[in-house]
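Breakdown of the fold
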Amino acid sequence: MKLITEGLAKISIKTSNKVSKDMDVFYNPVMKLNRDISVLLLNSINKKNMQISLPLAGSGIRGIRFLKELNKGIIKSISFNDCSKKAVNSIKNSLSLNKINNFKVIKKNNNISNKNNHDKKISIHNEDANLFLLNSTGFDYIDIDPFGSSNPYLESAVKRLSRNGILAVTNTDTAALSGTYPNACIRNYWAVPKRDYMMHETGLRILVRKIQLVAMQHDKALFPIFSYFKDHYFRIFFQCIKGKKETDKIPKQHGMFNNAGPLWTGNLWDDKLVNKMHSELLKKSIENKKTIKNNKTTINKKINDNQNHNDILKFLKTIKEESKINTIGFYGIHDIAKKRKIKIISKKEDIIKKIRKKGYKAASTHFSGTGIRSDIAYNKLISLLKE
Ligand SMILES: C[S@@+](CC[C@H](N)C(=O)[O-])C[C@H]1O[C@@H](n2cnc3c(N)ncnc32)[C@H](O)[C@@H]1O
């Protein structure tokens, strides 16, 4: 067993050399940033008294971090669920390890009072995720974090999402969505992908639309408020607005782009929320630096904590800048240079400066190291690259 600290939470799990779904209890350190962003978003969004649910909770690390790191008043209740008995045991042990003892373990098939059980401040369930959701009275935050596609859980998540709830979805089915397996994308996500330098933005927008279509059947409009692609996964946070009028706005923003789609052509971010998340993180970063300096931790841990903070800060800053530019897609500078036979190409940062000087918006994109998001027209960009 190994003791792991992530954020303010501690968990003790059996370690494995390889992170895979065959692990006894699933914990993936690479997803720390995914969890960091969930904490940051919930601390920035101005919602109180939330009924939170984690239908695929794994080791429970995300929920424990919510309990320890979310601002006072945000959590009304939190329900952990996992179909694995070992995961449920690990959640119980980890809660105790973090000195959280007021949880209730809900027995399987406890149908008589099943619905009320979700009202407990902290409850742990051992069901199939869909049964867990459908047996509940609903939640203000549902986090779908499966192995692979989010498809099997969308219908029940959407049904049990409250009128103004937040739906968070992780999807690691990147090969289908990014165009390696076009037929799988058509079957599972009802759209044609495209494998090029923009494939991750295209894939994300196809996924957004697919989830919106499922929600539309329940008169629920899902608007992305924060979404991204990273490492091996897509992540989207949606704000739900219940009602026919809002829902009718959604399909009006579905269309084709770059011979791919249909896909979501609307915003991927709520730029005010992104600003708030970025400034909250900056504040935390300064506090953290002070604590790290004063703490009697090892040099290695100090370097590690600092590095982690810098990584997420850099990632969020890129998204903050690109969220201000209202375009679908971006320019792949290397791709353009190759196609137009432009031999000498300036550094990305210099091109961005040049575009801005001409009065257009421009920024890096988190989707690609060599991409530039800008509202400059293609032909104008070509002339500028040739200057
Ligand atoms: C990717 S892991 C979750 C990781 C976790 N959310 C975190 O942040 O660390 C997926 C989890 O879903 C559980 N699982 C898989 N299929 C399930 C199902 N049908 N119902 C409930 N849990 C399921 C697995 O046991 C596993 O713990």
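Residues numbered from 1 in each chain as written. Predicted model: local features only at pLDDT ≥ 70, side-chain atom pairs only at ≥ 80, totals over all residues.

Once that is clear, we can look at the nonpolar core. If you look at the biggest cluster of nonpolar residues, it comprises 90 residues, and the most contacted ones within it are A157, L167, L207, I211, I236, F237 and F238. It is helix 9 (residues 199–216) that provides the largest number of residues to this core, a total of seven residues. Setting aside residues up to four positions removed in sequence, L207 forms contacts with N171, L177, Y189, F234 and I236. (Core = buried A, V, L, I, M, F, W, Y, C linked by C-beta atoms within 7 Å. Buried ≥ 20, exposed ≤ 12 C-beta atoms within 10 Å, placed from the backbone. Helix = DSSP H or I, 4+ residues; strand = E, 2+ residues; numbered from the N terminus. Contact = placed C-beta atoms within 7 Å.)

Below, the discussion takes up the site of the ligand. If you check the shell around the ligand, you find 19 residues, and the closest are L56, G58, C83, A129 and D145. Broken down by class, the residue content of the shell around the ligand amounts to 11 nonpolar, three polar and five charged. (Near = placed C-beta within 6 Å. Nonpolar A, V, L, I, M, F, W, Y, C, P; charged D, E, K, R; others polar.)

Turning our attention to the environment of I382. Structurally, I382 can be placed in helix 15 (residues 378–386). Judged by C-beta crowding, with 16 C-beta atoms within 10 Å, I382 ranks as partly exposed. Through-space distance from the C-alpha of I382 to that of I142 is 45 Å; in sequence the pair is 240 residues apart.

Put simply, helix 6 (residues 151–159) and helix 9 touch, their axes get as near as 9 Å, and they point 50° apart. As judged from the angle between their axes, helix 6 and helix 9 are oblique. Crossing hand, helix 6 versus helix 9: right-handed. Of the residues in helix 9, those touching helix 6 at L154, E155 and V158 are I211, V214 and A215. (Axes fitted to C-alpha atoms, helices over the stretch in contact; angles between N-to-C directions. Parallel < 35°, antiparallel > 145°, perpendicular 65-115°, else oblique. Left-handed = near helix turned anticlockwise from the far one by under 90°.)

Here the focus is the sheet that holds strand 13 (residues 331–332). Strand pairing in a sheet relies on backbone hydrogen bonds, with the paired strands running either antiparallel or parallel. Read across the sheet, three strands follow the order 13-15-14 without closing on themselves; strand pairing throughout is antiparallel. This sheet does not close on itself; its edge strands, each paired only once, are strand 13 and strand 14 (362–365). With four bridges connecting them, strand 14 and strand 15 (residues 368–374) associate as antiparallel partners. Within strand 15, the position partnered with S364 by the bridge is I372. (Pairing = 2+ DSSP bridges.)

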